[in-house]
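Chain by chain, the residues:
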Amino acid sequence: MRGAYLILGATSAIARATARALAARGHSLTLAGRDLAELERDAADMRLRYGVDVFVTAFDAEAYDGHDDFLAQVEQQGGGLEGVVLAFGYLGEQSRAAQDFSESLAIMQRNYVGAVSILNRCAETLAVRGTGNIIAISSVAGDRGRQSNYIYGSAKGGLSVYLQGLRNAMFHRGVHVLTVKPGFVDTAMTYGMPGLFLVASPESVATRILRARDKKRNEIYAPWFWRWIMLIIRHVPETIFKRLKM
Amino acid sequence: MSATLNKELSGWGRYPSACCELTRPERYAELHAASGPSIARGQGRAYGDAALNAAHRVVLTERLNRLLDFDDESGVLRAEAGLTMQALLAFSVPRGWFAEVTPGTKMVSLGGCVAADVHGKNHHHDGAFSSSVLSLELIESDGTRMRCSREENSEVFWATVGGMGLTGIIGEVTLQLKPVETAYIRASHHAARNLKHAFELFEQYDSASYSVAWIDLLAKGKKQGRSVLMLGEHAAIDELDGDAANTPLQIKERGSRRIPFDMPAWLLNPTTIGGFNTIYYRLEGGKSKTFTIDYDKFFYPLDALGDWNRLYGKRGFLQYQCVVPREGAFEALSQLLDVLASSKHPAFLGVLKKMGAASGGLMSFPVEGYTLALDLPFSGEPLLTLLCRFDKIVMAAGGRVYLAKDARLDGETLRTMYPATEKFLQIKGELDPGKAFSSNLSRRLELE
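Residues numbered from 1 in each chain as written. Chains lettered and ligands numbered in written order. Predicted model: local features only at pLDDT ≥ 70, side-chain atom pairs only at ≥ 80, totals over all residues.

Asks: Can you walk me through the interface of chain A and chain B in this structure?
Replies: Often, the extent of an interface is quoted as the loss of accessible area upon association of its parts. Of the residues lining the interface, 13 residues belong to chain A; the matching set on chain B comes to 15 residues. When its residues are assigned to classes, the side of chain A that touches chain B shows five nonpolar, two polar and six charged. (Contact = placed C-beta atoms within 7 Å. Nonpolar A, V, L, I, M, F, W, Y, C, P; charged D, E, K, R; others polar.)

Asks: How should I be thinking about helix α3 (residues 67–78) of chain A in this particular structure?
Replies: One turn of an α-helix holds 3.6 residues; hence residues three or four places apart share an orientation. Residue and element names in this part refer to chain A. A rise of 1.5 Å per residue sets the reference length of α3, with its 12 residues, at 16 Å; its end C-alpha atoms lie 16 Å apart and thus fit the reference within 8%. Among the residues of α3, those classed as buried are F70, L71, V74 and G78. For α3, the buried positions fall inside an angular range of 95° around the axis, keeping them on one side. Exposed and oriented more than 90 degrees from the buried face of α3 are D69, A72 and Q76. Considering only its buried residues, α3 is in contact with β1 (2–8), β2 (27–33), β3 (54–58) and α5 (101–129). Among the residues trailing α3, G79 stands out with phi positive, at a value near 70°. (Helix = DSSP H or I, 4+ residues; strand = E, 2+ residues; numbered from the N terminus. Expected span 1.5 Å × (residues − 1). Buried ≥ 20, exposed ≤ 12 C-beta atoms within 10 Å, placed from the backbone. Arc of directions from axis to C-beta.)

Asks: Explain the environment of A29 of chain B to me, please; I cannot follow it from the model alone.
Replies: Residues and elements named next belong to chain B. As for its placement among the helices and strands, A29 is situated in the loop between β2 (17–23) and β3 (38–41). Residue A29 is classed as exposed on the basis of its 11 C-beta neighbours within 10 Å. Separated by 241 residues in sequence, A29 and P270 have C-alpha atoms that sit 51 Å apart.

Asks: Looking at this structure, how should I read the nonpolar core?
Replies: Soluble, globular proteins show a tendency: their nonpolar side chains are buried together. Counting residues in each nonpolar core, the largest one holds 137 residues, and the members touching the most others are V114 and A213 of chain B. Core analysis: the next-biggest nonpolar cluster, separate from the first, contains 68 residues, I7, I135, V175 and I220 of chain A among them. (Core = buried A, V, L, I, M, F, W, Y, C linked by C-beta atoms within 7 Å.)

Asks: How should helix α1 (residues 85–92) of chain B be read in this particular structure?
Replies: Residues and elements named next belong to chain B. All of the buried residues along α1 are M85, L88, L89 and S92. Looking straight down α1, one finds that the buried residues subtend no more than 90° of arc, so they occupy a single side. Taken together, the buried residues of α1 touch β6 (76–80), β7 (97–99) and β10 (169–179).

Asks: What exactly am I supposed to notice about the pairing of strand β5 (residues 132–137) of chain A here?
Replies: Successive side chains on a regular strand alternate, one facing one side of the sheet and the next facing the other. Residue and element names in this part refer to chain A. The buried fraction of β5 amounts to five of the six residues, a majority that puts the element mostly inside the structure. Inspection of the sheet shows strand β4 (residues 83–86) paired to β5 by four bridges, in the parallel sense. Pairing of G83 across the sheet is with N133, part of β5. Where β5 meets strand β6 (residues 175–182), six bridges bridge the pair, whose relative direction is parallel. In the strand pairing of β6, G132 is matched with V175. (Pairing = 2+ DSSP bridges.)

Asks: How should the sheet that holds strand β11 (residues 184–192) of chain B be read in this particular structure?
Replies: What links the strands of a sheet is backbone hydrogen bonding, and the strands pair in either a parallel or an antiparallel sense. Residues and elements named next belong to chain B. Ordered by their spatial adjacency, eight strands build an open sheet running β15-β11-β13-β12-β18-β19-β17-β20, and the pairing between neighbours is antiparallel. A single partner strand is all that each edge strand has here, and the edge strands are β15 (291–294) and β20 (400–401). Judged from the six bridges that link them, strand β12 (residues 210–216) and strand β13 (residues 227–234) form a sheet pairing that is antiparallel. When the sheet's bridge partners are listed, V212 is paired in β13 with M230. On top of the sheet, helix α10 (residues 381–396) reaches β17 (317–325), β19 (369–377) and β20; it is set at about 10° to β17, its chief contact. (Axes fitted to C-alpha atoms, helices over the stretch in contact; angles between N-to-C directions.)

Asks: Looking at this model, I keep getting lost on the sheet that holds β2 of chain B. Mind explaining?
Replies: Residue and element names in this part refer to chain B. Pairing within the open sheet is mixed, and its four strands lie in the order β1-β2-β4-β3. Each edge of the open sheet is held by one strand with a lone partner, namely β1 (5–10) and β3. Pairs of neighbouring strands in the sheet enclose a mean axial angle of 45°, with direction left out of account. Across six bridges, the pairing between β1 and β2 is antiparallel. Along β2, the bridge assignment pairs N6 with E21.

Asks: Help me understand the packing of helix α9 (residues 326–343) of chain B against α10 of chain B in this model?
Replies: The packing of two helices is summarised by the inter-axis angle and the distance between the axes. Residue and element names in this part refer to chain B. Two elements in contact, α9 and α10, have axes separated by 10 Å at closest approach and are oriented at 165°. As far as their axial angle goes, α10 and α9 are roughly antiparallel. Helix-helix and strand crossings are classified by hand; for α9 and α10 the assignment is right-handed. Residue-level contacts link A332, Q335, L336, V339 and S343 of α9 to L386, R389, F390, I393 and V394 of α10. Tallied by class, residues from the contact of α9 with α10 come to seven nonpolar, two polar and one charged. (Parallel < 35°, antiparallel > 145°, perpendicular 65-115°, else oblique. Left-handed = near helix turned anticlockwise from the far one by under 90°.)

Asks: Would you mind showing me how to read the environment of E239 of chain B here?
Replies: For E239 of chain B, the location among the structural elements is in the loop between β13 and α6 (243–246). Using a count of 17 C-beta atoms within 10 Å as the deciding quantity, one classes E239 of chain B as partly exposed.

Asks: Could you clarify how one ought to interpret the pairing of β2 of chain A in this entry?
Replies: Residues and elements named next belong to chain A. The buried fraction of β2 amounts to seven of the seven residues, a majority that puts the element mostly inside the structure. The two faces of β2 match: H27, L29, L31 and G33 on one face and S28, T30 and A32 on the other face are all buried. Bridging between β1 and β2 involves six bridges; their strand directions are parallel. Bridge pairing in β2 places I7 opposite L31. Tracing the backbone out of β1, into helix α1 (residues 13–24) and back to the parallel element β2 gives a crossover that is right-handed. Across five bridges, the pairing between β2 and β3 is parallel. Across the sheet, the residue bridging to A32 is T57, located in β3. In this view, the connection linking β2 to its parallel neighbour β3 by way of helix α2 (residues 36–50) has right-handed handedness. (Right-handed = clockwise from strand over helix to strand, strands pointing away.)

What is shown is where atoms sit, not what they do.
See below:
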């Protein structure tokens, strides 16, 4: 069996597909999240199909004080740690967040603060051993603030910048950091949304993530063409951009 | 997460279609009925309107496809109902286990197999899909999960197998698999000159594990019903040679070609198909010497051509599949072929199969006798009129039509063909008093 991976927020469709792809390559896994009954079903499936060890552990991104113990338990149970996939997040509702600060706070805590809390500790754990991978799912929404989702976008943007810095710091300590920015992926989060186009399957995104990990890529968009879409969006002058309805 | 998507849907026959409100749960806890009428949909391989619910909820089960338990001593497997036969076999065959019953496509969900109580080429010995089902988890209208089996909640079990999804959402299926030494089938083909001869061959080769006949529907007169009977047995390990013998449980991945767009309807016409049929009959009918073929090619020849339903063009097609009790089967089916021939309605693919005893499912299709399936391009009124004539022949012989293929039967005809309908409705009424489960099919057939 290959090294152990920790999947944070393992019930999301991208996380599930990435976990399956890792298990198919022989990695043992710890699936962490809030919905343990659901994770047990995933774990059973991956154990049967791929013959790897799969553990299930409760994880709450906002329980910052518990993250040390959580990580120690994951390491002990899984027999070490080779990589982390951070896939939890909370889209929230922009319109509600604009009115109700508690919604804004929830979006920031679950997408940014919680991520920093757990990744700081994961990075330290991996760096001590001088090897490993951190794969974090950010979002194209973090590349430029737009009226339709700027609270979420700012939290993801913060996460993307954090990951840049972490990559820089970890490079010198042997740990690779991969930022994944999904565009439209066919998940429960996007299901039924109007205006989607060229939607990627979670499986194709997972394949791309593992390839990017193998090649030590720093930042990928999934599907790939979102790199070009976001390049254009980032370069629209602000005087024009502010007039757009996006 | 209960995001919905409004979308025009149809069954595999592409007739009829309806705009439905779709949800696609990714968590088992989210798999339940909506506040309004709901129907579960797996791979959408029912031909007609079984998994349509116009202006109402269709619950897609495709993302709930996990294996939950497998005992490699006993071959008992428990999985979520969204698992496909393809994924099941990809898991079980390399471990030396095969499905006890499989339909003619592997692109079906286990839930769909249960709901339609599907049958395969071994029905004459092994019965319908329900014979391999040990138990089910049914999600009722109030979200309660009910285990049912032959022993536990058995009335619900027998209403659910073949019940077209109308008793609740099938969440989990526990199946008995059967051990196989190899992933290969020893097959042989036998040419039948006409329908009479085909019946004789079915009786003669009754001991074969798998049997099915392809009928040339364009052969006329004395050749009417000319067919190729295809037989198969699971190959033992010492029957393989070459590469197959080294890796007996592995098969080569077969690329699936897709039909990229709707073919023009004129492409399938009596001349092109007649020519094809004659060549096929000569070529395939001549293979009377046993040959080895992998399970994928033997059981699922049409899966090699993804979206083959697009061959029928935009208007789609109907498949008429009936079964007639053994006594009057030959007379009824030859009469049916006569009516088809005199109608001059095009019909290309025909399949004939001997069936064994009924399973016990209240609305299950198979009864002991012969089943005939005809693929008929949709032509509107002329076809619907023709099929009503078929119904009369089938009913007169005590037969019935397969609901998984049906798109046009009415409630009264259904009640004649399926005498257990009232019993089914009584159980459904007790389970689902608020009518949370319905579909276009249930409204058409007054199954509510």
